[in-house]
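Fold and contact review
Take a look at the letters that make up each chain.
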Amino acid sequence: MQTYDIATIEGDGIGPEVCQSAVSVLTEACGTQRLRFTQLGGGAAHYVKTGAVLPDDTYAACKASHAILHGAAGLPGVTYADGTEVGNDLHLQLRFRLDLFANVRPIRLYSGVQSPLRDWQPGQIDYVIVRENTEGLYASRGGGINLRGEVATDTLVVTRKGVERVARFCFELSRRRQGAPRDGQRRVTVCDKANILRTYAFFRAVCDEVAREYDDVQIDYAYADAITVHMLKKPDFYDVIVAENMFGDIISDLGAGTVGGLGIAASAELGETHGLFQGAHGSAPDIAGQNAASPLATILSGALMLRWLGEQHGDEALRRDADRVEQAVEAVLAAGQTVPRDLGGNASCTEITAAVCRQLAR
Ligand code: ATP
């Protein structure tokens, strides 16, 4: 039986609470022998203490691990001289240095969660947003120009290599799914502004080229502004959506909102050899240290980690454990006794953790 090394960075704000919760649930699901969690320093508070948001030894341990589990990083007021937040740099550095090009954000309505969209039931909203994670507008972070306090610019970067690999990732992902809830059609929707900017027209053209290799998956297009309406009015139409970095960042929060909010939104950042798993939310300093955060996003990100490890290493048991974690979360929510505060209940972070662990132990 293989043991997997999981580099674990709790981070700031609610990061430690939700990360510890996920570690408990994953240990309950897989037993104590199969996952070896190593706690590592990093984040905004660590930066204040030491001057490093991602210390060298943490980076080395992440690189050497089978997967990385992260809570969240960032503290109000801890910023660089240019005004940007220090905390974000933790996962941004990991993203770029480990080349985690596909940011996978499942948008799935669970039983027991009421969508703010009237009339949509579990099973009807079930798609994945894949955000290109290493280029686009955010590629120029730190490289933009603020000229004499009069003009500021950042540059949007799109490369053939970058689009090809994320597009191929999406078509392959669609092949492993059951198609869109509306019609069972396997579909990759390209979200861009090809009508306005050359970079996005190029993004679309490269997606078109990749689509020719996948006759069984339909290619579909939506402008980034229009898709915000479609995601509310016909969420069942979507299977996989691929978007440039910034558009993906924005629409994945919107998608999360349609299925309960950031507290339940999982995220996986994947490259060829490394994977970083953390909830789609930030460090939520407004509720930190109160045992009030929902750990579900991190727990469900942990399930994505098990599935990815299972696929990478041909470990069928881990894939089953991923399903079991998701089913346990769904069973707890459907029972309606232990509901996180952001979903209208009053359960604490530790109560939710215990309920999911109990469900897994059944
Ligand atoms: P970032 O820019 O790092 O993504 P942010 O400042 O945009 O972070 P979050 O930290 O994600 O935002 O918080 C946004 C809101 O969502 C806050 O009001 C926060 O309380 C709420 N929130 C975020 N995560 C959770 C969670 N796990 N449980 C409950 N509420 C959450």
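Residues numbered from 1 in each chain as written. Predicted model: local features only at pLDDT ≥ 70, side-chain atom pairs only at ≥ 80, totals over all residues. Heavy atoms only, no water.

**What about the packing of helix H1 (residues 15-30) against helix H10 (residues 316-335)?**
The geometry of a pair of packed helices is captured by two quantities: the angle between their axes and the separation between those axes. Rules: Each axis is a line fitted through C-alpha atoms, taken for helices only over the stretch in contact, and angles between the N-to-C directions span 0 to 180 degrees. Helix and strand labels come from DSSP, where a helix needs a run of H or I of at least four residues and a strand needs a run of E of at least two; each type is numbered from the N terminus. Any angle from 65 to 115 degrees is called roughly perpendicular, while one under 35 is roughly parallel, one over 145 is roughly antiparallel, and all others are oblique. Each crossing gets its hand from how the near helix is turned against the far one by less than a right angle, where anticlockwise is left-handed and clockwise is right-handed. Residues count as neighbours in contact if any of their non-hydrogen atoms are within 4.5 Å of one another. Put simply, Ala, Val, Leu, Ile, Met, Phe, Trp, Tyr, Cys and Pro go in the nonpolar bin, Asp, Glu, Lys and Arg in the charged bin, and everything else, Gly too, in the polar bin.
Between H1 and H10, the shortest axis-to-axis distance is 10 Å and the interhelical angle comes to 125°. One element, H1, and the other, H10, form an angle in the oblique class. Both H1 and H10 take part in a crossing whose hand is right-handed. Across the interface between the two elements, Val25, Ala29 and Cys30 from H1 touch Leu318, Asp321, Arg324 and Val325 from H10. Within the contact of H1 with H10, the residues separate by chemical class into 5 nonpolar, no polar and 2 charged.

**Looking at the pattern of salt bridges**
The following threshold applies: In what follows, salt bridge is the name for a side-chain nitrogen of Lys or Arg lying within 4 Å of a carboxyl oxygen of Asp or Glu. Partly exposed describes any residue whose relative accessible area lies between the buried limit of under 20% and the exposed limit of over 50%, with all areas from a 1.4 Å probe on protein chains only and scaled to the type maximum.
According to the stated counting rule, one finds 22 salt bridges in the structure shown. Across the salt bridge formed by Arg95 and Glu269, the nearest N and O atoms sit 2.4 Å from each other. Of the two residues, Arg95 sits in helix H4 (residues 88-97) while Glu269 sits in strand S11 (residues 268-270), which places them 174 residues apart along the sequence. Pair check on accessibility: Arg95 and Glu269 agree, each one buried. Of the charged contacts in the structure, one is a salt bridge between Arg177 and Asp126, with a shortest N-O distance of 3.6 Å. Taken together, the positions of Arg177 in the loop between helix H5 (160-176) and strand S8 (187-192) and Asp126 in strand S5 (residues 126-132) put the pair 51 residues apart, joining distant regions of the chain.

**Re the domain arrangement of the protein chain**
Cut-off, in case you're wondering: In this document the domain limits rely on a domain assignment from an automatic tool or a database. Here the quantity called buried area is the accessible surface, traced with a 1.4 Å probe, that two parts lose on coming together, added over both. Polar contacts here mean pairs of N or O atoms no more than 3.5 Å apart (in protein, one a potential hydrogen donor and the other a potential acceptor; neighbouring residues in sequence count only if both atoms are side-chain atoms).
Entries for the protein chain in the domain assignment read domain 1 (1-101 + 272-362) and domain 2 (115-259). Taken over C-alpha atoms, the centre of domain 1 sits 24 Å from the centre of domain 2. If you look at the interface, domain 1 gives 11 residues, while domain 2 gives 11 residues. The junction of domain 1 with domain 2 conceals about 1,100 Å² of combined surface from both sides, 47% of it contributed by carbon and sulfur atoms. Looking at the side of domain 1 facing domain 2, the largest losses of area belong to Arg95, Phe96 and Phe101, adding up to 57% of the total buried there. Taken together, the links from domain 1 to domain 2 amount to 2 salt bridges. Residue Asp89 pairs with Arg141 through a salt bridge whose shortest N-O separation is 3.4 Å. Where domain 1 touches domain 2, the interface holds 6 residue pairs in polar contact (both at pLDDT 80 or more).

**Structural notes on the layout of surface pockets**
Rules: Lining residues are those with an atom within 4 Å of a point, where the points come from a 1 Å grid over the protein atoms alone and group into cavities, where a 1.4 Å probe fits but cannot get out, or pockets, open sets with protein on both sides within 12 Å along at least five of seven lines. Grid points are joined across faces, edges and corners, and a volume is the space filled by probe spheres set on the points.
Approximately 1,100 Å³ is the volume attributed to the largest pocket. Contributing to the lining of the largest pocket are 38 residues, with Val104, Leu173, Arg176, Arg307 and Glu311 lying nearest its centre. Only strand S4 (102-108), S5, H5, S11, helix H9 (296-313) and H10 provide two or more residues apiece to the lining of the largest pocket. The residue makeup of the lining of the largest pocket, split by class, is 20 nonpolar, 5 polar and 13 charged. Shared between two domains, the lining of the largest pocket holds at least three residues of each, these being domain 1 (1-101 + 272-362) and domain 2 (115-259). Of the voids in this model, the second largest pocket is the one considered here, and its volume is about 590 Å³. Counting residues per element, the lining of the second largest pocket draws most heavily on H4, which supplies 4 residues. For the lining of the second largest pocket, the residue count by class is 11 nonpolar, 10 polar and 9 charged. Both domain 1 (1-101 + 272-362) and domain 2 (115-259) contribute no fewer than three residues apiece to the lining of the second largest pocket.

**Some thoughts on the site of the ligand**
The test is simple: Residues are classed as near a molecule or strand on a simple rule: at least one heavy atom within 4 Å of it.
Neighbouring the ligand are 13 residues; His281, Gly282, Ala284, Asp286 and Ser294 lie closest to it. In the model, a nitrogen atom of the ligand is placed 3.4 Å from a nitrogen or oxygen of the His281 side chain. In the environment of the ligand, an oxygen atom lies 2.9 Å from a nitrogen or oxygen atom belonging to the side chain of Asp286.

**Section: the packing of H1 against H9**
Direction vectors running N to C along H1 and H9 enclose 45°, while the axes themselves pass 8 Å from each other. Between H1 and H9, the angle falls in the class oblique. Regarding H1 and H9, the two cross each other, and that crossing is right-handed. Contacts between H1 and H9 involve Val18, Cys19, Ser21, Ala22, Val25, Leu26 and Cys30 from the first element and Thr298, Ile299, Gly302, Ala303, Met305 and Leu306 from the second. Of the residues contributing to the contact of H1 with H9, the split by class is 10 nonpolar, 3 polar and no charged.

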